Amino acid sequence: MLRQEVFLGIDGGGTHSTAIAVDMEGNVLAKVIGESINYYALGMQRARHHLTQIIEQIIEQIKIDFFDSVYIGNSALSQEASPSMIDEFTGGIIKSRSVYMHSDSYIALVAMTIGRPGILIISGTGSMGMAKGYTDELLTIGGWGHLLGDYGSAYHIAIQGIQAVVLAEDQMAKATTLQEALKRYYAVGDLQDLIDKFYNPPVDKHIIAGFASEVANCAEQGDEVALKLVKQAALDLAAHAIELEKRLNIRGVPIGASGSVFRKNSTIFAEFKSLLKQHCPLSTVQLIDCPPEFGAIYACFHKENIVLTPSIQERMKLTYEMLKEE
């Protein structure tokens, strides 16, 4: 194997993971999309297996098996991981001089702010709000996981939609087009068949979360039940940002939105933006266009005291786009 300075950044979301290998000049040498590495949701053994697959694919592409530094954003976390946790998760899989791990929200925030003050609301399979002021201290809201919270997330929207269907089917609530949508999504003719689908064996949370797109589609077609759920999700996510701005005590701080819920559901983002225009009028609100895995590389550079120059950032963007075109 060749030896040269290569940095590895991984965005480990709740549904899938994206890894990029980058050299000192900012050239993106390889990109791999793999499965989730959230060890709380999947179990440590399964998450390590997915990480192994990702690393093997990266090594196959770049012909290098040792990294100068590695930074992992993992949806299992809400804060920086301890050395023992990093070793438990990556030991025997990653060869590197240094390995760091934080939440996937953190690396998305770094990608957005590049060290400046800002607020990020991320909503994919799970949800979380994170803010950074003039220091490296972080403020967070959410990130409790699908059993304890994740308000406004795809999972939360989906499970509420599914529960609305069950109530409607029992004639305990208003009929909704979500009933037929749920049958299509799970390919069942009778909703009673969902019992076996959900419990034998237990269905993965990212499969459940996928139904959020169906809820959004029904909302756009005018279904009152779905529309109410979508608006509540936007309200929950906006509340995260409003509270974080209050705690930061910095007026006009930029607010970014990231994750599949915002990207795939224009109604939710439009409602989210409208609410923030009322409550945070000095702030710009926009979808983040910088990939979260860039934030992992930026965090690598920060940890290793390497200056992240504008030329390195531009080189990363250019070579990343070139990889996408291949």
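Report follows, based on the coordinates. (Residues numbered from 1 in each chain as written. Predicted model: local features only at pLDDT ≥ 70, side-chain atom pairs only at ≥ 80, totals over all residues. Heavy atoms only, no water.)

Comments concerning unusual backbone geometry
Rule in force here: Helix and strand assignments follow DSSP, with helices taken as H or I runs no shorter than four residues and strands as E runs no shorter than two, numbered in order from the N terminus. Type-normalised accessible area, obtained with a 1.4 Å probe on protein chains alone, sets the label of each residue: buried when under 20%, exposed when over 50%, and partly exposed for intermediate values.
A cis amide bond links N200 with the next residue in sequence, P201, at an omega value of -5°. By the secondary structure assignment, P201 is in the loop between α7 (194-199) and α8 (205-209). You will see that K63, though not glycine, has its phi angle at about 60°, which is positive. Within the secondary structure, K63 is located in the loop between α2 (44-62) and β4 (69-74). Located in the positive-phi region is Q171, a residue other than glycine, with phi close to 60°. Structurally, Q171 can be placed in the loop between α5 (154-169) and α6 (178-186). Accessibility expressed as a relative area gives 72% for Q171, which makes it exposed.

Some words on the packing of α2 against helix α3 (residues 83-90)
The criterion, for reference: Here, axes are lines fitted to C-alpha atoms. For helices the fit covers the stretch in contact, and angles between N-to-C directions go from 0 to 180 degrees. If an angle is under 35 degrees, it is roughly parallel; if it is over 145, roughly antiparallel; if it lies from 65 to 115, roughly perpendicular; otherwise it is oblique. Contacts are residue-level and defined by heavy atoms, with any inter-residue pair within 4.5 Å sufficient. All residues other than Ala, Val, Leu, Ile, Met, Phe, Trp, Tyr, Cys, Pro, Asp, Glu, Lys and Arg, Gly among them, are scored as polar; the first ten of these are nonpolar and the last four charged.
Where α2 meets α3, the axes come as close as 9 Å, and the angle between the chain directions of the two elements is 70°. Considering their axes alone, α2 and α3 lie roughly perpendicular with respect to each other. Of the residues in α3, those touching α2 at M44, A47, R48 and L51 are M85, D87, E88, F89 and T90. Of the residues that constitute the contact of α2 with α3, the class distribution is five nonpolar, one polar and three charged.

A closer look at the pattern of salt bridges
Which entries qualify depends on this criterion: Within this document, salt bridges are pairs made up of a side-chain nitrogen of Lys or Arg and a carboxyl oxygen of Asp or Glu, the two lying within 4 Å of each other.
All told, the structure shown has ten salt bridges when counted by the stated rule. One salt bridge in this structure joins K174 and E224, with 2.5 Å as the shortest N-O distance. Pair noted here: K174 is in the loop between α5 and α6 and E224 is in helix α10 (residues 224-248), with a separation of 50 residues, a long-range link. A relative accessible area of 56% means that E224 is categorised as exposed. Through salt bridges with shared partners, a single network forms among D68, R97 and E304.

Some words on the environment of S75
Of note, S75 is situated in the loop between β4 and α3. Overall, the relative accessible area of 21% leaves S75 in the partly exposed class. Discounting residues that sit within four places of it in the chain, S75 has contacts with G12, G13, G14, N38 and D104.

A short note on the sheet that holds strand β10 (residues 285-287)
Worth spelling out the cut-off: In short, DSSP must find at least two bridges between two strands for them to pair.
Spatial ordering of the open sheet is given by β8-β7-β6-β9-β10, a layout of five strands whose pairing is mixed. The two strands at the open ends of the sheet, each matched to only one other strand, are β8 (138-142) and β10. The average undirected angle you get between the axes of adjacent strands in this sheet is 20°. Relative to β10, strand β9 (residues 255-258) is paired through three bridges, and the arrangement is parallel. If you follow I255 over to β10, its bridge partner there is V285.

Keep in mind these numbers describe shape, not what the thing actually does.
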